[in-house]
Amino acid sequence: MKKVPILKKGCSKFWYFTVVFLLWFLLLYFFFNSGSKLDKKDDFLLKHHYDNFVDTDESSFGGVNRNSNEETGHVASDSIMDMDTKATGNPVDNFFTGGDWDKYLREVSNAGKESKHENQIHLTENEARSINKVFGEGNREESGNARSTARENQVKKPFDHSLPREARRRRVKKPAREKRVKKQVDHSLPREEKVIEEVIEQPNKEDQIRRQTNSDSHPESCVGRYIYIHNLPSRFNGDLVRHCQSLNEWSNMCPYLSNFGFGPQLKNSERTLSNTGWYDTNQFMLEIIFHHKMKQYKCLTNDSSLASAIFVPYYSGLDVARYLWNADKKMKDYYSRHLVKWLRESPEWKRLWGSDHFMVAGRITWDFRRLTNNNNDWGNQLMILPESRNMTVLTIESSPWNNNDFAVPYPTYFHPSSDNEVFQWQNRMRRLKRQFLFSFAGGPRPDLPDSIRTDIIEQCQAAREKCLLLECITGSSNCYEPVNLMKMFQSSTFCLQPPGDSYTRRSTFDSILAGCIPVFFHPGSSYAQYLWHFPRDYTKYSVFIPANKIKDEKVSIERTLSRIPIQRVWAMREEVIKLIPGMVYADPSYGLETLKDAFDLTIDGVLERVEKIKMDIKAGKNFSEDIEEYTWKKILFGTEGKHEWDHFFDRSKMIMY
């Protein structure tokens, strides 16, 4: 046998050990490397779990909202991710019976490893029950889709934390104006309290500096226009807002305080609205809105002796709303009487005994004109107090027989931040093709024999394709959805505005905003109101059909409107569209430059009236209470003689519709 060289044999062993070593090394490498990857994967999954823990929790909120709202006839549209609360011990199950909500939120925060600490959303129990898709928009620091959703709904104001939007309310009788749900117990939490403090913080150093700066920076344009704001004790304004859960017997008003009182920002998913400037504004938030607008007024002054008028920031509407129904009715007049006592003792009052003072009462005048001393009767006595009769009081509906209150527009959903936003909206309303001749949004009033609403609904139904009806019935939320209302008004040439719970309706201003020509059936619905905002010649912008002619079946609404020449319709619509700037309350952080909004026109009216009163006082003239019976007539026509509208304003036959 041939011998193999030693070198070759050794080489073979060398390569054998080398291969074994490499295989062993690779095995160890892959083993440790895969273990490291598994650890990283576990870390990632754990982090992902915690990052999404709050989102999962919010999904459970959605479930709470859905169940709660089903009781009120409204189902949230959000996609819901249900949680097994029994397995996790989530106290949402115990929430309605007093679960420890604060403790749960702290646990969620700890699970987020402090990265979510600043994003905690503290809610009252009532807010959590009424929560919907706007809930997540209050969290500004969320990641992924939640962050983009929040960014879309942010506004420009520093204090806006977008309180959760309230679910729409089921409409019931007395009063039909209110959106009602069963009241729930609220427990304020720190986050909400902080937002409220930022909303109502007044007065503060910044306000004082701005007042002095504003008055100094416009010396010429502010001559005769300086306004001084009374620094009232907080019980007349700030404390009311701090307890926003108790402002209404039937619903939580806290969400509507955000964004200067404009409420939660509306989305434009159906492209019915414009992309900016639209909010879910409550019709009774005028006091909050006006106060914030007043703080930005360019001619504020700290020196009351320089002021042409003095503003009293008392939230009278928010105050009286607490006691209109089943609350402690003995408290109805408590704050209003203490307010006038405080004013009487101020040096500013003693100059002209309040004749240069003005305030906002953000409800209809009848909520403040109780003529009896019986606390069980409706409203309080704010406007019939001697001191109040000296002041100018701004309301969303005034009395046609009294000369101390003046009507200003209801807050609408549109609050533009520039002239351009208004111009774009006006042009859009001009271009719309309107499918229906007329439309009506509202419900019947079967308990009021003189109401014409049932007749209007019947005529609309008989007109078929010419009339669009959005009937507001108990259990339906359609009439309270801004998009539904605006879509209907935008598709109509004429919008019917009969009296409702009183002479006026917010719907009038929503329809004008949509370029829809209003049709009135009572002169107290508009013509004897809003004298600083509407033309005296009502035929330019509206149609008047006397209610008695509808009731007696003498007039067909369809036939009356169809006979109006098309050229006149175009002219009326253009007049309505021109009114839009004066119907809105612009964003106080920016305001309008060349246009005057509802606030600007109101201030002009107040200053003009105060100046006239001062001149009358100098001339020795006194106001006689005897002529107040004919106030509407003197203001509109300058006479106390007979008029064809006298039967509409007969106080002995006065009926609240």
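Residues numbered from 1 in each chain as written. Predicted model: local features only at pLDDT ≥ 70, side-chain atom pairs only at ≥ 80, totals over all residues. Heavy atoms only, no water.

Participant: Quick rundown of the confidence of the model for the chain? Include the residues and the values.
Facilitator: The pLDDT averaged across the chain works out to 75; a share of 67% of its residues lies at or above 70. Segment residues 35-191: pLDDT under 50, and 264 contacts once partners within four positions in sequence are set aside and those in other chains are kept. Note that pLDDT drops below 50 for residues 202-213; the model gives that stretch 19 contacts with residues more than four away or on any other chain. (pLDDT = per-residue confidence, 0-100. Contact = heavy atoms within 4.5 Å.)

Participant: Outline the pattern of salt bridges, supporting the account with residue identities and numerical values.
Facilitator: Within this structure, the stated rule accounts for 18 salt bridges. With a closest N to O distance of 2.8 Å, Arg 225 and Asp 604 form a salt bridge. One end of the pair, Arg 225, is in the loop between helix H8 (205-217) and strand E1 (227-229); the other, Asp 604, is in helix H22 (residues 598-618), and 379 residues separate them in sequence. Classification of Arg 225 by relative accessible area gives partly exposed; the value is 26%. Here Lys 551 makes a salt bridge to Asp 455, at a shortest N to O gap of 3.6 Å. Highlighted residues: Lys 551 in helix H19 (residues 547-551) and Asp 455 in helix H16 (residues 453-463), separated in sequence by 96 residues. Using a relative accessible area of 35% as the deciding quantity, one classes Lys 551 as partly exposed. Shared partners join several salt bridges into a network, and the residues in it are Arg 225, Lys 596 and Asp 604. (Salt bridge = Lys/Arg side-chain N within 4 Å of Asp/Glu carboxyl O. Helix = DSSP H or I, 4+ residues; strand = E, 2+ residues; numbered from the N terminus. Buried < 20%, exposed > 50% of the residue type's maximum accessible area, 1.4 Å probe, protein only.)

Participant: Kindly report on the pairing of strand E2 (residues 309-312), identifying the contributing residues and their values.
Facilitator: Residues Ala 309 and Phe 311 point to one face of E2 and Ile 310 and Val 312 to the other, with burial holding for every one of them. With 3 bridges connecting them, E2 and strand E3 (residues 357-364) associate as parallel partners. Across the sheet, Phe 311 pairs through a bridge with Phe 358, a residue of E3. (Pairing = 2+ DSSP bridges.)

Participant: Quick rundown of the pairing of strand E4 (residues 392-397)? Include the residues and the values.
Facilitator: The buried fraction of E4 amounts to 6 of the 6 residues, a majority that puts the element mostly inside the structure. Pairing between E3 and E4: 5 bridges, direction parallel. Bridge pairing in E4 links Val 360 to Leu 394.

Participant: Could you give an account of the packing of aromatic side chains, with specific residues and numbers?
Facilitator: If you walk through the whole model with that rule in mind, you get 27 aromatic pairs. Ring geometry for Phe 236 against Tyr 314: centres 5.9 Å apart, planes inclined by 85°, an arrangement best described as edge-to-face. One end of the pair, Phe 236, is in the loop between E1 and helix H9 (238-242); the other, Tyr 314, is in the loop between E2 and helix H11 (316-321), and 78 residues separate them in sequence. In this structure Phe 236 comes out as buried when scored by relative accessible area, which is 0%. Exposure remark for Tyr 314: the relative accessible area of 2% places this residue in the buried category. Arranged with centres 5.9 Å apart and planes meeting at 15°, the rings of Phe 509 and Phe 534 form a pair that is stacked. Placement of the pair is Phe 509 in helix H18 (residues 507-513) and Phe 534 in the loop between strand E9 (517-520) and strand E10 (543-544), with a sequence separation of 25 residues. You can call Phe 509 buried: its relative accessible area is 0%. Each member of the aromatic cluster is reached from another via a ring pair, and the members are Phe 520, Tyr 527, Tyr 538, Phe 544, Trp 645 and Phe 648. In this arrangement the basic side chain of Arg 363 is found over the ring face of Phe 284, its NZ or CZ atom lying 4.2 Å from the centre. Sitting over the face of the ring of Tyr 413, Arg 506 holds its NZ or CZ atom 4.0 Å from the ring centroid. (Phe/Tyr/Trp six-rings, centres within 6.5 Å; stacked < 30°, edge-to-face > 60°. Lys NZ or Arg CZ within 6 Å of the ring centre and 35° of its normal.)

Participant: Please provide a residue-by-residue account of the state of the cysteines, values included.
Facilitator: For the structure on display, the rule yields 4 disulfides. Paired through a disulfide, Cys 222 and Cys 299 show a sulfur-sulfur distance of 2.0 Å. Between Cys 222 and Cys 299, the S-S dihedral sits near -80°, and the bridge is therefore left-handed. Here Cys 222 is found in the loop between H8 and E1, whereas its partner Cys 299 is found in the loop between helix H10 (286-295) and E2, with 77 residues between them in sequence. Of the residues examined, Cys 299 reaches a relative accessible area of 0% and is grouped as buried. Covalently, Cys 495 is tied to Cys 516 through a disulfide, its sulfur atoms 2.1 Å apart. Taking the sign of the S-S torsion, about 110° here, the bridge from Cys 495 to Cys 516 comes out right-handed. Placement of Cys 495 in strand E8 (residues 492-497) and of Cys 516 in the loop between H18 and E9 is noted, with a sequence separation of 21 residues between them. Judged by relative accessible area, which is 0%, Cys 495 ranks as buried. Given a relative accessible area of 0%, Cys 516 falls into the buried group. (Disulfide = S-S within 2.5 Å.)

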